[in-house]
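Examination of the molecular architecture
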Amino acid sequence: MAATDLSAEALPLVGFLTKRITLDSTANNAREIILPPWARRVSLFIVDGSAAIQSGAVASSGTDGAAIGTDYLPITSGGLTWRVAPGRATGGGSMYVSATTASSFAQLMLEQE
């Protein structure tokens, strides 16, 4: 599965961007998501096809399509929100997201802050 590249996405006038990203069809395999340089805050939830909240993981390094590895932060039913590159002139970079159930989605909101 190819990485999801959001690096060219423009910041909408409302001040945030939402995306639904298809994760790997195999449970616990990572999907690389490339963030746009303006993104400063990330909110992330994992859902199944019926939009029921699931659990998963996010990591700052990995390989798209491979197992998430051991250096990750769990994503629980409450989701996660964090700041990207605080104090830096630009954000961007990649994150690696997986779900504990197969064929799930990442519901993502990016904000400039």
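The following refers to the structure shown. (Residues numbered from 1 in each chain as written. Predicted model: local features only at pLDDT ≥ 70, side-chain atom pairs only at ≥ 80, totals over all residues. Heavy atoms only, no water.)

The next point concerns the overall build of the protein. Helix and strand content of the protein: zero helices and ten strands. Taken from the N to the C terminus, the helices and strands of the protein come in the order β-β-β-β-β-β-β-β-β-β. Computed over C-alpha atoms, the radius of gyration of the protein comes to 13 Å, within 12% of the 13 Å expected from 2.2 N^0.38 for 113 residues, which places it in the range of a compact globule. By principal-axis analysis of the C-alpha atoms, the protein measures approximately 35 × 25 × 25 Å. Residues counted as buried form 40% of the 113 residues belonging to the protein. Pairs at least 24 apart in sequence give 79% of the contacts found in the protein among residues at least 6 apart. (Helix = DSSP H or I, 4+ residues; strand = E, 2+ residues; numbered from the N terminus. Rg over C-alpha atoms; globule rule 2.2 N^0.38 Å. Buried < 20%, exposed > 50% of the residue type's maximum accessible area, 1.4 Å probe, protein only. Contact = heavy atoms within 4.5 Å.)

On to the pattern of salt bridges, then. Scanning the entire structure with this criterion turns up two salt bridges. Taking the shortest distance from any N to any O, the salt bridge between R41 and E111 comes out at 3.9 Å. One end of the pair, R41, is in strand β4 (residues 41-47); the other, E111, is in strand β10 (residues 105-111), with 70 residues separating them in the sequence. Among the residues examined, R41 registers a relative accessible area of 26% and is labelled partly exposed. (Salt bridge = Lys/Arg side-chain N within 4 Å of Asp/Glu carboxyl O.)

It is worth spelling out the packing of aromatic side chains at this point. Centre distance and the angle of the planes are the two values used to describe a pair of aromatic rings. Scanning all chains against the criterion turns up zero aromatic pairs. In this structure, R20 packs its charged tip against the face of F105, placed 3.7 Å from the ring centre. (Phe/Tyr/Trp six-rings, centres within 6.5 Å; stacked < 30°, edge-to-face > 60°. Lys NZ or Arg CZ within 6 Å of the ring centre and 35° of its normal.)

Of all hydrophobic cores here, the largest spans 21 residues; its most connected members are I33, M95, V97, L108 and L110. When residues of this core are traced back to their parent elements, those giving at least two are β2 (16-22), β4, β9 (94-99) and β10. Excluding residues that lie within four positions of it along the chain, L108 makes contacts with L6, L17, T18, K19, I21, I33, V42, S43, L44 and M95. By size, the runner-up hydrophobic cluster in this structure holds five residues, among which are A30, A57, A59 and Y96. (Core = buried A, V, L, I, M, F, W, Y, C linked by side-chain atoms within 4.5 Å.)

Mapped onto the elements of the fold, N29 is located in the loop between β2 and β3 (31-34). Engagement of the side chain of N29 in a polar contact is seen with the backbone nitrogen of A67, the distance being 3.4 Å. The residues contacting N29, other than those within four sequence positions of it, are D24, G65, A66, A67, V97 and S98. (Polar contact = N/O pair within 3.5 Å; in protein donor to acceptor, adjacent residues only side chain to side chain.)

Considering the arrangement of structural elements, one finds Q112 in the segment after β10. For Q112, a relative accessible area of 40% puts it in the partly exposed group. Spatially, the C-alpha atoms of Q112 and F16 are 6.8 Å apart, while their sequence positions differ by 96 residues. Sequence-distant contacts of Q112, that is, excluding residues within four places in its chain, are made with L11, G15, W38 and R40.

On the basis of which strands lie adjacent, the open sheet formed by five strands has the order β1-β3-β9-β6-β7 and mixed pairing. At either end of the open sheet lies a strand with only one pairing partner, and these are β1 (4-5) and β7 (73-75). Direction of pairing for β3 relative to β9: antiparallel, over a ladder of four bridges. Bridging across to β9, R31 finds its partner in V97. (Pairing = 2+ DSSP bridges.)

Remember that the coordinates give geometry; whether it matters functionally is a separate question.
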